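Each chain is listed here by its residues.
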Amino acid sequence: QVQLVESGGGLVQAGGSLRLSCAASGRTFSRYAMGWFRQAPGKEREFVAAITWSGGSTDYADSVKGRFTISRDNAKNTVYLQMNSLKPEDTAVYYCAATGSYFLRFRNEYGYWGQGTQVTVSS
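Residues numbered from 1 in each chain as written. Predicted model: local features only at pLDDT ≥ 70, side-chain atom pairs only at ≥ 80, totals over all residues. Heavy atoms only, no water.

Draft legend 1. Spatial organisation of the overall build of the chain. Within the chain, the secondary structure is distributed over 0 helices and 11 strands. Secondary structure of the chain in N-to-C order comes out as β-β-β-β-β-β-β-β-β-β-β. Here the C-alpha atoms of the chain give a radius of gyration of 13 Å, agreeing with the 14 Å that 2.2 N^0.38 yields for 123 residues. Principal-axis analysis of the C-alpha atoms places the extent of the chain at approximately 40 × 25 × 25 Å. The buried share among the 123 residues of the chain stands at 43%. The contacts in the chain between residues at least 6 apart in sequence include a share of 58% that link residues at least 24 apart. About 6,500 Å² of surface is accessible on the chain, with carbon and sulfur atoms providing 47% of the total. Of the charged side chains in the chain, 13 are positive and 9 negative; the average position of the first set lies 5 Å away from that of the second. (Helix = DSSP H or I, 4+ residues; strand = E, 2+ residues; numbered from the N terminus. Rg over C-alpha atoms; globule rule 2.2 N^0.38 Å. Buried < 20%, exposed > 50% of the residue type's maximum accessible area, 1.4 Å probe, protein only. Contact = heavy atoms within 4.5 Å. Areas by Shrake-Rupley, 256 points an atom, 1.4 Å probe, with all protein chains shown as cover. Lys, Arg positive; Asp, Glu negative; His and termini not counted. Charge placed at Lys NZ, Arg CZ, Asp CG, Glu CD.)

In structure tokens form, the structure reads like this:
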């Protein structure tokens, strides 16, 4: 069992930065790959970024590549999403999730989800 709690969302102007954190409970955090997804109003939840259990490999959606960075600290049971050069279209609720699967882009592969944190980017 893994419980996930996101934090760090808020309101920021276009071009600004935010860092999201996702704190996980349980001693098995390091066994899971972690992902960030987002959901804007009226849209489906979409993949943003993912990181393998060791942190040795990462993957990004094309829309955020070069602007967002995912990282993890297994000693702190925490995964991060550094978001730079934010755009209004990044506005969404951001969710972190945990999976034992290798298919990190697919939300159905994730068995554990946080409650989400709102990110709003003003123009």
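Draft legend 2. Up close: the side chain of Glu 6. Examined against the element boundaries, Glu 6 turns out to sit in strand β1 (residues 4–7). In this structure the side chain of Glu 6 is engaged in a polar contact, spanning 2.9 Å, whose partner is the backbone nitrogen of Cys 96. Here the side chain of Glu 6 touches Gln 115 through a polar contact of 3.0 Å, landing on its backbone nitrogen. Leave out the neighbours within four places in its chain, and Glu 6 touches Ser 21, Cys 22, Trp 36, Tyr 94, Tyr 95, Cys 96, Gly 114, Gln 115, Gly 116 and Thr 117. (Polar contact = N/O pair within 3.5 Å; in protein donor to acceptor, adjacent residues only side chain to side chain.)

Draft legend 3. Main features of the side chain of Ser 21. Within the element layout of this structure, Ser 21 appears in strand β3 (residues 18–24). Setting aside chain neighbours within four positions, we find Ser 21 in contact with Val 5, Glu 6, Ser 7, Trp 36, Thr 78, Val 79 and Tyr 80.

Draft legend 4. Expanded view of the layout of surface pockets. The space that makes up the largest pocket amounts to roughly 220 Å³. Counted by class, the lining of the largest pocket contains 5 nonpolar, 6 polar and 3 charged residues. Empty space within the second largest pocket amounts to approximately 160 Å³. Considering the residues around the second largest pocket, the lining is formed by 13 residues, among which Arg 38, Ala 40, Lys 43, Glu 46 and Glu 89 are closest to the centre. Classifying every residue of the lining of the second largest pocket by side-chain character gives 2 nonpolar, 3 polar and 8 charged. (1 Å grid on protein atoms, 1.4 Å probe; cavity = no way out; pocket = protein on both sides within 12 Å on 5 of 7 lines; lining within 4 Å. Points joined across faces, edges and corners; volume = space filled by probe spheres on them. Nonpolar A, V, L, I, M, F, W, Y, C, P; charged D, E, K, R; others polar.)

Draft legend 5. Geometry of the packing of aromatic side chains. This model, assessed by the stated rule, comprises 6 aromatic pairs. Grouping aromatic residues by their ring pairs yields a cluster made of Phe 37, Phe 47, Tyr 95, Tyr 110 and Trp 113. Between the NZ or CZ atom of Arg 45 and the centre of the ring of Tyr 95, over which it lies, the distance is 3.7 Å. Between the NZ or CZ atom of Arg 72 and the centre of the ring of Phe 29, over which it lies, the distance is 4.5 Å. (Phe/Tyr/Trp six-rings, centres within 6.5 Å; stacked < 30°, edge-to-face > 60°. Lys NZ or Arg CZ within 6 Å of the ring centre and 35° of its normal.)

Draft legend 6. Representation of the sheet that holds strand β7 (residues 68–73) in the model. The strand order across the open sheet formed by 4 strands is β1-β3-β8-β7, and the pairing between neighbours is antiparallel. One side of each edge strand has no neighbouring strand; the edge strands of this open sheet are β1 and β7. Adjacent strand axes in the sheet meet at a mean angle of 15 degrees, parallel and antiparallel pairs treated alike. Pairing geometry for β3 and strand β8 (residues 78–83), over 6 bridges, is antiparallel. Bridging across to β8, Ser 21 finds its partner in Tyr 80. (Pairing = 2+ DSSP bridges. Axes fitted to C-alpha atoms, helices over the stretch in contact; angles between N-to-C directions.)

Draft legend 7. Layout of the pairing of strand β4 (residues 33–39). The element β4 is largely enclosed, with a buried count of 6 among its 7 residues. Both β4 and strand β9 (residues 92–99) contribute to a ladder of 7 bridges, which runs antiparallel. Residue pairing in the sheet places Phe 37 in a bridge with Tyr 95 of β9. In this structure, β4 lies alongside strand β5 (residues 46–51), joined through 5 bridges in antiparallel fashion. What sits directly across from Gly 35, in β5, is Ala 50.

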